[in-house]
Amino acid sequence: MSYCVELSAYEIIKKIKAQELKVVDYISYLFERIKRIEREIHAYITLTEDSALKKAQDIDKKIERGERTGRLCGVGIAIKDNICTKGIRTTCASRMLENFIPPYNATVVNLIEDEDGIIIGKTNMDEFAMGSSTEHSYFGPTHNPWDLERVPGGSSGGSAAAVISSMATLALGSDTGGSIRCPASFCSAVGLKPTYGLVSRFGLIAYANSLEQIGPITKDVRDCALLLSCIADHDPLDSTSVNKPKEDYTNYLVDDIKNIKLGIIKELFGEGTQDSVEKGVWDAIKKLEQLGADYQEISLKNLDYSLPSYYIIAMSEASSNLARYDGLRYGYRIPNKSYDWNAVYLKNRRFGFGFEVKRRIILGTFALSAGYYDEYYLKAQKIRTLIRRDFETAFKRFDVLIGPTMPVLPFRIGEKVNDPLEMYMCDIDGVPANLAGIPSISIPCSFSNGLPIGLQIMAPPFREDLLIRIGFSFQKNFPILKKLGGHE
Ligand code: GLN
């Protein structure tokens, strides 16, 4: 029955509903598989086997009694460890929160449980979601299931690795500057960053809240549409959550992209883009053309400034958001006899945070300080507006905009981790969508030397329907991911 875990959520739900597969058996197999291969991949920080099996039994009983079940009907979901889960420790991959057990669920977690999704564990990530490789984790790096010596991308690397190695059927990630799409691309998963405000951020531990969204990481576009339909809902607990009627994104799983206008963003193929990535993405564009879409190249001039403005805004927000970790009420605390709160505070933060997090707090504090605010933070905000306008203008001519998700193939563990600028450069194609607040999807489009390449598609705000339609058509007509490699 080990085939069960390789199936998509759609296929598993079908079998469960037809009573061909018991939820308990399927969830047990997921954990068996985890026991077999997790040692090599390290996708998880915390596993929740007991509660998952209990929930599985409850759902099986519901099915036996003929009661209505939710849309996720027993599917095993991995949750990134910066999304709060009541009673389950939520660490942000940081020593600071190593023993933090949230007293409440993030709204997305409640929505998933309402639909009978089963949480099987919390996934590894870069500390506080700061990074692009999942190497900046207090708990050690995650390995790419396609090549264990390489990174899975980040910061939601554990979620993508878990889904692609079939240690989870669905996963949630968060994306501040590419963190859903980057690991999706590096692991050959589908990853969608929703429009800012579509999915509640209540219970997402903040890194840079004006940029980030929670979104699905899945094996295919169908599962992505299903999970998005479950989590995209208005939430009064998040003041940036948009009040619009709930949509069923599975309605857009339609194989028809005739006359869709694709704009190919020249700047996303700039310096530093590897030839194999460029080729893989252009081959995919030609395939979309075969399906009836039209394409044309377009230049978005201000994207040249997106990376520096992203990093200034993200670090500034981080310096403010992370000020709350003083170790007094919760979080890492070193026994200290001093009554000088400043000394206590300092020690807790010095040893509670990792190197990259501290670097960003310092840089962000600098960018916000008197005398530098105008020169850095304010300027970055102005560029952000120009970038948003570039996109608005481009969307008058094109339905969607396209580029690579990542400029490079998955790199080796240790290759970039000591060179922060090189690491930041990897985010060059991902950050524009966050600055503009628009939805963006990464779809596996090809392989080079056994390593995955992702195609990135961006749409106007709240046009996730287009991303799903195009992604679905692409996957239906050009399936590239037939069999998982290496980890059966
Ligand atoms: N790699 C980017 C950063 O380090 C994006 C991270 C994210 O999206 N959470 O900031």
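To be clear, the structure that these remarks concern was listed above.
Within each chain, residues carry numbers counting from 1 in the order of the written sequence. For this predicted model, a pLDDT threshold of at least 70 governs which residues receive local features, and a threshold of 80 or more governs which side-chain atom pairs are given and counted, while totals over whole chains, interfaces and linings are taken from all residues. As a convention, hydrogens and water are excluded, and side-chain values are obtained from all of the structure's heavy atoms.

Trainee: Mind showing me how you'd approach the pattern of salt bridges here?
Mentor: It is possible for side chains of opposite charge to pair when their charged atoms get near one another. A carboxyl oxygen of Asp or Glu within 4 Å of a side-chain nitrogen of Lys or Arg is what we treat as a salt bridge. Taken as a whole and assessed by the stated rule, the structure comprises 22 salt bridges. Between Lys 301 and Glu 267 there is a salt bridge whose closest N-O contact spans 3.8 Å. Taken together, the residues Lys 301 in the loop between β8 (294-298) and α9 (306-321) and Glu 267 in the loop between β7 (261-265) and α8 (275-290) connect sequence positions 34 residues apart. According to the relative accessible area criterion, Glu 267 is buried, its value standing at 16%. In this structure, the salt-bridge partner of Glu 356 is Arg 360, at a minimum N-O distance of 2.7 Å. Residue Glu 356 and its partner Arg 360 are located together in helix α11 (residues 355-368), separated by 4 residues, close to a single helical turn. Residue class for Glu 356 comes out buried when judged on its relative accessible area of 6%. A helix here means a DSSP run of H or I that spans at least four residues, while a strand means a run of E at least two residues long, and both kinds are numbered starting from the N terminus. For every residue, the accessible area obtained with a 1.4 Å probe (protein chains only) is divided by the maximum for its type, and the residue is called buried under 20%, exposed over 50%, and partly exposed between those limits.

Trainee: Can you help me understand the site of the ligand in this one?
Mentor: Taken together, 15 residues lie near the ligand, and Thr 176, Gly 177, Ser 179, Tyr 207 and Tyr 310 sit nearest. Take Gly 178: an N or O atom from its main chain is 3.5 Å from an oxygen atom of the ligand. A breakdown of the residues in the shell around the ligand according to their chemical character gives 5 nonpolar, 7 polar and 3 charged. Whether a residue is near a molecule or strand depends on its heavy atoms: it is near if one of them lies within 4 Å of it. Any N or O atom pair separated by 3.5 Å or less is treated as a polar contact, with the protein-specific requirement of one donor-capable and one acceptor-capable atom, and with residues adjacent in sequence counted only for side-chain atom pairs. Any residue outside Ala, Val, Leu, Ile, Met, Phe, Trp, Tyr, Cys, Pro, Asp, Glu, Lys and Arg is labelled polar, Gly included; the first ten of those are nonpolar and the last four are charged.

Trainee: Hey, could you run me through the sheet that holds strand β9 (residues 400-404) in this one?
Mentor: Strand pairing within a sheet occurs via backbone hydrogen bonds; the two strands may be parallel or antiparallel. Read across the open sheet, the 11 strands follow the order β1-β3-β2-β4-β6-β5-β10-β11-β9-β7-β8; overall the sheet is mixed. Either end of the sheet is taken by a strand with one partner, and the two such strands are β1 (44-47) and β8. In this sheet, adjacent strand axes meet at a mean angle of 30° when their direction is disregarded. At least two DSSP bridges between two strands are needed for those strands to be called paired. Of the strand pairs in this sheet, strand β4 (residues 170-175) and strand β6 (residues 213-218) are connected by 5 bridges, and their pairing is antiparallel. Paired with Gly 173 across the two strands is Gly 215, which belongs to β6. Residue contacts are defined here by distance: any two heavy atoms, one from each residue, within 4.5 Å place the two residues in contact. For helices, the fitted axis covers only the stretch in contact; all axes are lines through C-alpha atoms, and the angles between them, taken along N-to-C directions, range from 0 to 180 degrees. The strands that helix α2 (residues 23-41) touches are β1, β2 (76-80) and β3 (118-123); relative to β3, the one it contacts most, it runs at about 20°.

Trainee: Explain the side chain of Thr 85 to me, please; I cannot follow it from the model alone.
Mentor: Structurally, the position occupied by Thr 85 is in the loop between β2 and α4 (107-114). Thr 85 gets classed as buried once you look at its relative accessible area, which sits at 1%. In this structure, Thr 85 is in contact with Thr 90, Pro 102, Tyr 104, Asn 105, Val 109 and Lys 122, ignoring residues within four places of it in sequence.

Trainee: Sorry, what's going on with the pairing of β6 here?
Mentor: On a regular strand, each side chain points to the face opposite its neighbour's, so the side chains alternate between the two faces of the sheet. The element β6 is largely enclosed, with a buried count of 6 among its 6 residues. One ladder, built from 2 bridges, connects strand β5 (residues 190-193) with β6; its direction is antiparallel. Bridging across to β6, Val 190 finds its partner in Thr 218.

Trainee: In this structure, what is going on with the packing of aromatic side chains? I would like to understand it.
Mentor: Each aromatic ring pair is summarised here by two numbers: the centre-to-centre distance and the angle between the ring planes. Paired rings are identified among Phe, Tyr and Trp, the last through its six-membered ring, by centres lying within 6.5 Å, and are further divided according to the angle between planes into stacked (under 30 degrees), edge-to-face (over 60) and tilted (the rest). Taken as a whole and judged by the stated rule, the model has 21 aromatic pairs. Taken together, a centroid distance of 4.8 Å and an interplanar angle of 85° make the contact between Tyr 310 and Tyr 311 edge-to-face. Residue Tyr 311 is classed as buried on the basis of its relative accessible area, which comes to 8%. On the numbers, 6.1 Å between centres and 90° between planes, the contact of Tyr 325 with Phe 353 is edge-to-face.

Trainee: For this particular structure, what's the right way to read the pairing of strand β10 (residues 440-448)?
Mentor: Of all 9 residues that make up β10, 8 are buried, and the element is covered over most of its length. Relative to β10, β5 runs antiparallel, the two sharing 3 bridges. Bridging across to β10, Gly 191 finds its partner in Ser 442. With 8 bridges joining them, β10 and strand β11 (residues 451-458) adopt antiparallel strand pairing. When the sheet's bridge partners are listed, Phe 447 is paired in β11 with Pro 452. Between β10 and β11, which pair antiparallel and follow one another directly, the connecting turn spans 2 residues, one of which, Asn 449, has a positive phi of 50°.

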